[in-house]
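A closer look at the structure
Residue-level listing of the chains:
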Amino acid sequence: MPKLTLPTESKMLQRDFIYGVATSSFQIEGARAARLPCIWDTFCRQPGAIVDGSHGDVACEHIARWQQDVELIANLGVDAYRLSIAWGRVMDEHGQPNQEGIRFYQNLVAALTAQGIKVFVTLYHWDLPQYLEDQGGWLNRQTAYAFAEYADVISQALGEQVYSYATLNEPFCSAYLGYEVGIHAPGKKGQRYGRQAAHHLLLAHGLAMQVLRRTVPSSECGIVLNFSTAYGASSSAADTHAAQLADQYHNLWYLQPLLEGRYPDVLALLPEDVRPEIGADDMAIISAKNDFIGINYYTRAVFASDGKGWFAQCEPTKTPLTAMGWEVVPEAFEKLLVDLHQRFSLPPLYITENGAAFDDQIVDGAIYDKPRIDYFNSHLNAVHNAIEQGVNIRGYFAWSLMDNFEWALGYSKRFGIVHVDYHTQQRTLKDSALAYKGLLENRL
């Protein structure tokens, strides 16, 4: 079986480098009846919204099988588990705590901690309660304040037993995919919607950080952002400029306010009527210090000039491709990390998601997913190379622990290192899980 290998002197083989696996609530939990409806429940009911017509009502039945899943995580030998809280499972529509839902997460955190596993909690991984969306969702400034109240309840309930709290996962996806182009919940379309939602999400982060500093001062607190390294389709000045604009619009729009208290220069190119409304103190709130920033990376993106001073994304031309149709470009991952390090004064980084979907096949009860092992191996070594160039990276989380509901793609794509039979809910370790376990067992 192929192995995951790093240079023998790699800092990633030292015991203080954290390795983990990651999931999110809506993608695995199921137990739909025990929580409030969220925007993804509503989106799943829209004809054609989910490619296989599925939903998250059952998913991986993690709520029912969580003890088995904790044992699974522990047996992998990882140092940490990154999970998210379902807002609608722990709060009711009046903003009051749902004690039954809170107890589930308290028990989960306690069980993980008892196994010596560090718990990384993400407060928001896209599943906004529907009643808040009915009031405007992330287009309504008040949602940011509701989020801070939710962060207060959860951080007090889970406390500093949680090693790390992230406020948001990938606000780009929530804002751009959900409110600007409409391919994710809640399915709204409009450039102004996307820009305003992004601002309110960042404001929610800043307000929640104020809460977390008070309630869990010893836990690490920060945010998780996704990046696709932006390349020009050619070396022409027009395509190079297009890639720079796209980088600002898709990547730096979320990072620069955190680190510098301002939006990228591309803001000035937008029509006045699509620019976000920004309160007088908003940027100071958004740019308060983070203990860490999580980086989610899967692939690069290539852009060409549209001939009108803007950018257009190009279809991948480089192979190999994953089942998502994404290029496998580990050198773009290394470039991203080094470029961010050289350009900004960064807090410590975690690689909070990295992985690939492939069309896995079970043969004689085993899943020989060599392409996934190759993907992990090349990207782990990209992280090693970045660390060697001075980037302060504290840990790496494989996405994902198990196959799950892949948002608008339903159950048609499998990212897990653990295979899930959705009919029987049987979990089976793929070769990638065994390779990951082997890497961790051979650390210094």
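Presented here is an overview of the structure given in this document. Not measured: the values here are computed from a predicted model. (Residues numbered from 1 in each chain as written. Predicted model: local features only at pLDDT ≥ 70, side-chain atom pairs only at ≥ 80, totals over all residues. Heavy atoms only, no water.)

1. Quick word on the pairing of strand S4 (residues 164-169)
Test applied: Each residue is assigned to one of three classes by its accessible area relative to the maximum for its type, calculated with a 1.4 Å probe on protein chains only: buried under 20%, partly exposed between the two thresholds, exposed over 50%. Comment: elements are numbered from the N terminus, with helices defined as DSSP H or I runs of at least four residues and strands as E runs of at least two. Each pair of strands is called paired provided DSSP finds at least two bridges between the two strands.
Buried residues dominate S4, accounting for 6 of its 6 residues. Inspection of the sheet shows strand S3 (residues 118-124) paired to S4 by 4 bridges, in the parallel sense. By the bridge assignment for S4, Thr-122 is matched with Ala-166. When S4 meets strand S5 (residues 220-227), the two strands line up parallel, connected through 4 bridges. Within S5, the residue paired with Ser-164 across the bridge is Glu-220.

2. Description of helix H12 (residues 330-343)
Note that an α-helix has 3.6 residues per turn; residues three or four places apart therefore point the same way. How we decide: Any helix carries an expected span of 1.5 Å times its number of residues minus one.
Helix length check: H12, at 14 residues, gives a terminal C-alpha distance of 20 Å against a target of 20 Å (1.5 Å per residue), a fit within 8%. Considered for burial, the residues of H12 that qualify are Pro-330, Ala-332, Phe-333, Leu-336, Leu-337, Val-338 and Leu-340.

3. Points about the environment of Ser-432
Our working definition: Whether two residues are in contact is decided by their heavy atoms: any pair within 4.5 Å suffices. Two N or O atoms count as a polar contact when they lie within 3.5 Å, although within protein this holds only if one can serve as hydrogen donor and the other as acceptor, and sequence-adjacent residues are included solely when both atoms are side-chain atoms.
Within the element layout of this structure, Ser-432 appears in helix H14 (residues 431-441). Take Ser-432: its relative accessible area is 1%, and that puts it in the buried class. Sequence separation of Ser-432 and Lys-370 is 62 residues, and the distance between their C-alpha atoms is 7.3 Å. Among all residues touching Ser-432, those that are not within four sequence positions of it are Asp-369, Arg-372, Ile-373, Phe-376 and Ile-417. Among the polar contacts listed, one links the side chain of Ser-432 to the side chain of Asp-369, at a separation of 2.6 Å.

4. Observations concerning empty space enclosed by the protein
What counts is decided by this rule: Cavities and pockets are found on a 1 Å grid laid over the protein atoms alone: a cavity is a set of points where a 1.4 Å probe fits but cannot escape, a pocket is an open set with protein on both sides within 12 Å along at least five of seven lines, and a lining residue has an atom within 4 Å of such a point. Grid points are joined across faces, edges and corners, and a volume is the space filled by probe spheres set on the points. Each residue is assigned to one class: nonpolar for Ala, Val, Leu, Ile, Met, Phe, Trp, Tyr, Cys and Pro, charged for Asp, Glu, Lys and Arg, and polar for all the others, Gly among them.
On inspection of all chains with the given rule, the structure shows 4 cavities of 30 Å³ or more. By volume, the largest cavity is sized at about 80 Å³. Along its surface, the largest cavity is lined by 16 residues, and Phe-26, Arg-35, Cys-38, Ala-86 and Asp-127 are the ones closest to its centre. Contributions of two or more residues to the lining of the largest cavity are made by helix H1 (25-28) and helix H4 (87-90). When residues of the lining of the largest cavity are assigned to their parent elements, the largest contribution, 3 residues, is made by H4. Partitioning the lining of the largest cavity into residue classes produces 8 nonpolar, 4 polar and 4 charged.

5. Let's talk about a nonpolar patch on the surface
Rules: Patches draw on residues past 30% relative accessible area with no salt bridge. Two like charges within 9 Å are joined, as are two nonpolar side chains (Val, Leu, Ile, Met, Phe, Trp, Tyr) within 5 Å. The accessible surface values rely on the Shrake-Rupley method and a 1.4 Å probe; as for residues, cover is taken only from the protein chains in view. Salt bridges are identified by distance alone: a Lys or Arg side-chain nitrogen within 4 Å of an Asp or Glu carboxyl oxygen.
A surface patch of nonpolar side chains, amounting to about 260 Å² of accessible area, comprises Met-1, Leu-429 and Leu-434. Counting through the fold element by element, Leu-429 comes out in strand S15 (residues 427-429). A relative accessible area of 32% means that Leu-429 is categorised as partly exposed.

6. Let's talk about the side chain of His-384
Position of His-384 among the secondary structure elements: in helix H13 (residues 370-388). By relative accessible area, His-384 is classed as buried at 6%. A polar side-chain atom of His-384 sits 2.9 Å from a polar atom in the side chain of Ser-10. If sequence neighbours within four positions are ignored, His-384 has contacts with Leu-6, Pro-7, Glu-9, Ser-10 and Met-12.

7. A look at the pattern of salt bridges
It is possible for side chains bearing opposite charge to pair when their charged atoms get close. Counted by the stated rule, this structure contains 25 salt bridges. Between Lys-430 and Asp-360 there is a salt bridge, with the nearest N and O atoms lying 2.5 Å from each other. Separated by 70 residues along the polypeptide, Lys-430 in the loop between S15 and H14 and Asp-360 in the loop between strand S10 (349-353) and strand S11 (362-363) bring together distant segments of the chain. Assigned by exposure class, Lys-430 and Asp-360 land together as buried. The salt bridge partner of Asp-374 is Lys-370, with a shortest N-O separation of 2.8 Å. Pair noted here: Asp-374 and Lys-370 are both in helix H13, with a separation of 4 residues, about one helical turn. Connected through shared salt-bridge partners, Asp-360, Asp-369, Arg-372, Asp-403, Arg-414 and Lys-430 make up one network.

8. Brief notes about the sheet that holds strand S8 (residues 301-305)
For clarity, the threshold we go by: As a rule, the C-alpha atoms of each element are fitted with a line to give its axis, helices using only the stretch in contact, and angles between N-to-C directions run from 0 to 180 degrees.
Taking strand neighbours across the sheet as the criterion, the 3 strands line up as S6-S8-S9 in an open arrangement whose pairing is mixed. The strands lining the two open edges of the sheet, one partner per strand, are strand S6 (230-232) and strand S9 (311-313). Neighbour-to-neighbour, the strand axes of this sheet turn through a mean angle of 40 degrees, independent of strand direction. Sheet topology places S8 next to S9; 3 bridges connect them, and they run antiparallel. Looking across to S9, one finds that Ser-305 is bridged to Phe-311. Packed onto the sheet, helix H10 (residues 237-260) meets S6, S8 and S9 and runs at close to 125 degrees relative to S8.

9. Digging into the packing of aromatic side chains
Here is the rule: Ring pairs are drawn from Phe, Tyr and Trp, using the six-membered ring of Trp, whenever the two centres fall within 6.5 Å, and their geometry is named by plane angle: stacked under 30 degrees, edge-to-face over 60, tilted for the rest.
Applying the stated criterion across every chain, the model contains 38 aromatic pairs. An angle of 45 degrees between the planes, with centres 6.5 Å apart, marks the rings of Phe-26 and Trp-40 as tilted. Here Phe-26, found in helix H1, pairs with Trp-40, found in helix H2 (residues 39-44); they are 14 residues apart in sequence, far enough to count as distant. An identical accessibility class is assigned to Phe-26 and Trp-40; each is buried.

10. Structural notes on the packing of H13 against H14
Put simply, H13 and H14 touch, their axes get as near as 9 Å, and they point 35 degrees apart. Contacts between H13 and H14 pair Arg-372, Ile-373, Phe-376 and Leu-380 from the former with Asp-431, Ser-432, Ala-435 and Leu-439 from the latter.

11. A look at unusual backbone geometry
In the segment running from Ala-185 into Pro-186, the intervening peptide bond is cis, with an omega of 10 degrees. Its place among the elements puts Pro-186 in the loop between helix H8 (171-180) and helix H9 (191-215). In this model, Thr-319 is joined to Pro-320 through a cis peptide bond whose omega is 5 degrees. Assignment of secondary structure puts Pro-320 in the loop between S9 and H12. A positive phi is found at Ala-31, a non-glycine position, where the angle reads about 50 degrees. Here Ala-31 lies in the loop between H1 and H2. Assessed through its relative accessible area of 30%, Ala-31 is described here as partly exposed. Notably, Trp-126 is not glycine yet its phi reads approximately 85 degrees, a positive angle. When you line up the elements, Trp-126 lands in the loop between S3 and helix H6 (130-133).

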